[in-house]
Amino acid sequence: SGRISGRDGANQVDFYSMPCEVAARFLILYGSQRGQAQSIAEEICQQAAEHGFTADINCLSNQHKYNLDSEIQPVVFVVSTTGDGDPPDTAQKFVRKIKNKSLPHNHFSHLHYALLALGDTNYANFCNGGKTIDSRLQQLGAKHFYATGHADDGTGLEVVVDPWIEGLWDALKKTFSSMATSDQQDTDLSDCTQDNFHKNASGQEKYKSDLEVDLHLLKLSETDSQKGKAITSDSIDVETLSTVLVASLKQSVPPLSESALNVPALPASYLEVRLEKVSTEGETVPSDKDGYHEVSISKAVQLTQDDAVKTAISLELDISNLAYQPGDAFDILCPNRASEVEELLLRLDLQTQKNCAVQVNLLKNSTAKIPLRIPQNGSLQFILTWCLEIRRAPNKAFVRALADFTQNSSEKRRLLELCSKEGSADYNSFVRDANVCLLDLLRAFPSCLPPLSLLFEHLPKLQPRAYSAASSSLQHPGKVHFVFNVVELPARPEHPARTGLCTGWLAGHVSSILWPLGTVPASERLGTSAQPKVHVRPRPSSTFHLPADLSVPVVMVGPGTGVAPFIGFLQQREKEREANQEATFGETWLFFGCRHKDKDFLFREELERFAHNGTLSHLIVCFSRDEPDAAGTVNSPTYVQHNFLHAKNVASILIKDKGSLYVCGDAKNMTKDVNDTLLEIIGNELQIDKLDAMKTVAGLREEKRYLQDIWS
Ligand code: NAP
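Residues numbered from 1 in each chain as written. Predicted model: local features only at pLDDT ≥ 70, side-chain atom pairs only at ≥ 80, totals over all residues. Heavy atoms only, no water.

The name an unreviewed UniProt entry gives the protein chain is Methionine synthase reductase, with Sinocyclocheilus anshuiensis as the organism.

Written out as structure tokens, the structure is:
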């Protein structure tokens, strides 16, 4: 089974059999907010070469580097979604440009494109960034050469992304073929259009509008193209299963353990890595490229009692001339854990070469690009510490590639199972949901010894982590505050206990200057030499700000650390009230929730001050785990949405007084529950049914009067 064990580029497009040879170049354009769309676009670019194509890649914001008005080669868009279903900031200009009403309906009639939209079903307006671009391109006459993919971060982007990329090559091949026979070019791209894509994919004649659902069903495997060559458990020497048949990361049970497997195609390797024995000691963190600034942490305060369920920490950063507004966030660079990097080096037998300079070249004949995430001549230790994400669960393509470097046949079989279509449920439970990282896999599969080049090809870029500003520079000039809970990942059979990559690192980083709750003296200032440093980059929000009109009422909902941006809003409002004594200010409402009044009521004193001095008209707090009072009655509702439901006037403030609603917090449950409650109170207020309430809420979103800042 050549494609299973070999890396021979069996997917090459046979252009010589095309009617006439065409330059198989296409353009990739990405609009990325947090780097996901960019890394998927880069992945497509890299895979292009092994499929016999040449790809140019650009960020949508670099409009001088591409010209869609005259682009006759196929274009592949990868577009993420941000905020309330907005295109990412980097795509905003492009969207404005194509939305220009004076463009004629055939403006893009020459354009053949495919679009992969990224989103999260936990957010409102799933994939709307991509959908906005897609529908406008259609209105302007552009044609799909391949059906649009909608990938859901809520369930795992790779569920759609991997099959979508896999199908792209065939669609491109057909597109180039029909371009070559250009007489028919305009009339027949139908083999690759959405309807046929579904027919081809599922082998049925039905039309499905939800591509994301159907993509699951795609036959991606080698068995599709190499019938009869599936891997079966018989074809590999499988060790006898233990008598207690319980599936785990390391072991499967029937039927999977006895099943033939459809595994993803093996991506051809394209990198060659050399380690030069030059000492590169001394590198500590990435330089100021990409807009990062090294700043001091001037204060760190624990906001929760030691026995609280979660530990919340507030940091004050000295940002001198970095401007921001409440509602903005900051990206923070964090390194991988030194102990994990060390163990990885040891495991790969590279410990003695950790200070060597890394030189990365493309393999001969490869037309892929060297990933930008790997700096030339950085030390091996530096690259593993600051440039590559080693904590994220390896995707199926990576697991597939690791299997090829696994000696023991039963270990290899298990890795193949985990990346196979049949083993999807096991992959989800034992890899993705278990937060298993590369090191966990290497621990579980001791005979797996991948080369460094494989790691560099597959490990994604280490992304910064974003935190909302929890302050206003009117109140704290030259400073920004932010707050985070230290994420605790308990021990599991697949890995030892650990803390979240950035929150755990930050907690350790500030441990020497951390003040326990209630102990920080107001005048306390650390000497600058004692202040830990951190690299930050502002990440402005385009919409999540207080209304410019001071008289607009504001309703805020933010339990837990979701209160962060509202602390910034209220500090700003407090200062605005001091400065504009004559002005009329709209009412302000804050719905906050925590577990226990005395353990994790974040910013309690400050919030009570706001309520006391009128900055906050209504402070409404609930405690989800406090005991009933002495009389046995539970006074407070459990969650913010219960208070929100029962608060008089909120609906009329939003509808009649044209107020603004802000919700900040967890993507999974809270924001959905609050949204349901909003529908209920608006339905009650206006005496309308749910459908009409949904339309009213959609209107609020449209007018940017219902804004969500959702974090997963
Ligand atoms: P948390 O401490 O886990 O929870 C706060 C309160 O919310 C608890 O009382 C909890 O109750 C309750 N809660 C649980 N499920 C709920 C639901 N469905 N509806 C309403 N309330 C619910 O909160 P957290 O860890 O701070 O998380 C807040 C979210 O805000 C996170 O997603 C975080 O990423 C995000 N966020 C963070 C920042 C930042 O800059 N760090 C900024 C903005 C937002 P029980 O536990 O008793 O069920």
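Next comes the rest of the account.
Novice: What is the right way to read the packing of aromatic side chains from this model?
Specialist: By convention here, two paired aromatic rings are described through the distance between centres and the angle between planes. For the structure shown, the criterion picks out 20 aromatic pairs. Consider the rings of Phe601 and Phe623, whose centres lie 5.8 Å apart with planes at 65°: the pair is edge-to-face. Here the residue Phe601 occupies a position in the loop between strand 19 (588-594) and helix 18 (604-613), and Phe623 occupies one in strand 20 (residues 618-623), the gap between them amounting to 22 residues. Look at Phe623 and you get buried, because its relative accessible area is 13%. Above the plane of the ring of Phe585 lies Arg577, whose end atom (NZ or CZ) is 5.7 Å from the centre. (Phe/Tyr/Trp six-rings, centres within 6.5 Å; stacked < 30°, edge-to-face > 60°. Helix = DSSP H or I, 4+ residues; strand = E, 2+ residues; numbered from the N terminus. Buried < 20%, exposed > 50% of the residue type's maximum accessible area, 1.4 Å probe, protein only. Lys NZ or Arg CZ within 6 Å of the ring centre and 35° of its normal.)

Novice: Any chance you could explain the site of the ligand here in plain terms?
Specialist: Near the ligand lie 25 residues; those nearest to it are Thr561, Arg595, Ser624, Arg625 and Tyr639. In the environment of the ligand, a nitrogen atom lies 2.8 Å from a nitrogen or oxygen atom belonging to the backbone of Val483. Surface burial for the ligand is 84%, taken as the share of its 920 Å² of free accessible area covered by protein chains. Elements with a contribution of two residues or more to the shell around the ligand: strand 12 (465-468), strand 13 (479-485), strand 19, helix 19 (640-646), strand 21 (660-666) and helix 21 (670-686). Taken together, the residues of the shell around the ligand break down into 10 nonpolar, 10 polar and five charged. (Near = heavy atom within 4 Å. Polar contact = N/O pair within 3.5 Å; in protein donor to acceptor, adjacent residues only side chain to side chain. Areas by Shrake-Rupley, 256 points an atom, 1.4 Å probe, with all protein chains shown as cover. Nonpolar A, V, L, I, M, F, W, Y, C, P; charged D, E, K, R; others polar.)

Novice: I tried to follow the sheet that holds strand 18 (residues 554-557) on my own but got confused; where do I start?
Specialist: The strands making up a sheet associate through hydrogen bonds between their backbones, and the pairing can be parallel or antiparallel. Reading across the sheet, the five strands line up as 20-19-18-21-22 and stay open at both edges, with parallel pairing between neighbours. Two strands lie at the open edges of the sheet, namely strand 20 and strand 22 (706-711), each paired on one side alone. Going across the sheet, the axis of each strand differs from the next one's by a mean of 10°, ignoring polarity. As judged from the four bridges shared by strand 18 and strand 19, these two strands associate in the parallel manner. Considered in strand 19, the bridge of Val554 is made with Thr588. (Pairing = 2+ DSSP bridges. Axes fitted to C-alpha atoms, helices over the stretch in contact; angles between N-to-C directions.)

Novice: Just to check I follow, could you spell out the pattern of salt bridges for this structure?
Specialist: In the structure shown here, the tally under the stated rule is 31 salt bridges. Where Lys174 meets Asp170, a salt bridge forms, and the shortest distance between an N and an O atom there is 3.4 Å. Taken together, the residues span about one helical turn, with Lys174 and Asp170 both in helix 5 (residues 158-180) at a distance of four residues. The class for Lys174 is partly exposed, based on a relative accessible area of 29%. According to the relative accessible area criterion, Asp170 is partly exposed, its value standing at 39%. A salt bridge links Glu343 to Arg443, with the nearest nitrogen and oxygen atoms 2.8 Å apart. Taken together, the residues Glu343 in helix 9 (residues 338-347) and Arg443 in helix 14 (residues 438-444) connect sequence positions 100 residues apart. According to the relative accessible area criterion, Glu343 is partly exposed, its value standing at 30%. The class of Arg443 is partly exposed, set by a relative accessible area of 35%. Residues participating in the shared-partner salt-bridge network are Glu343, Asp440, Arg443 and Arg498. (Salt bridge = Lys/Arg side-chain N within 4 Å of Asp/Glu carboxyl O.)

Novice: I would appreciate a short explanation of the pairing of strand 3 (residues 75-79) in the present structure.
Specialist: Of all five residues that make up strand 3, five are buried, and the element is covered over most of its length. Residues Val75, Phe77 and Val79 of strand 3 are buried on one face, and the alternating residues Val76 and Val78, pointing to the opposite face, are buried as well. Here five bridges tie strand 1 (residues 25-31) to strand 3, and the two strands are oriented parallel to one another. Considered in strand 3, the bridge of Leu27 is made with Val75. Both strand 3 and strand 4 (residues 112-119) contribute to a ladder of five bridges, which runs parallel. The residue of strand 4 that forms the bridge with Phe77 is Leu115. Remark: the strand 3/helix 3 (residues 92-98)/strand 4 crossover connection has right-handed handedness. (Right-handed = clockwise from strand over helix to strand, strands pointing away.)

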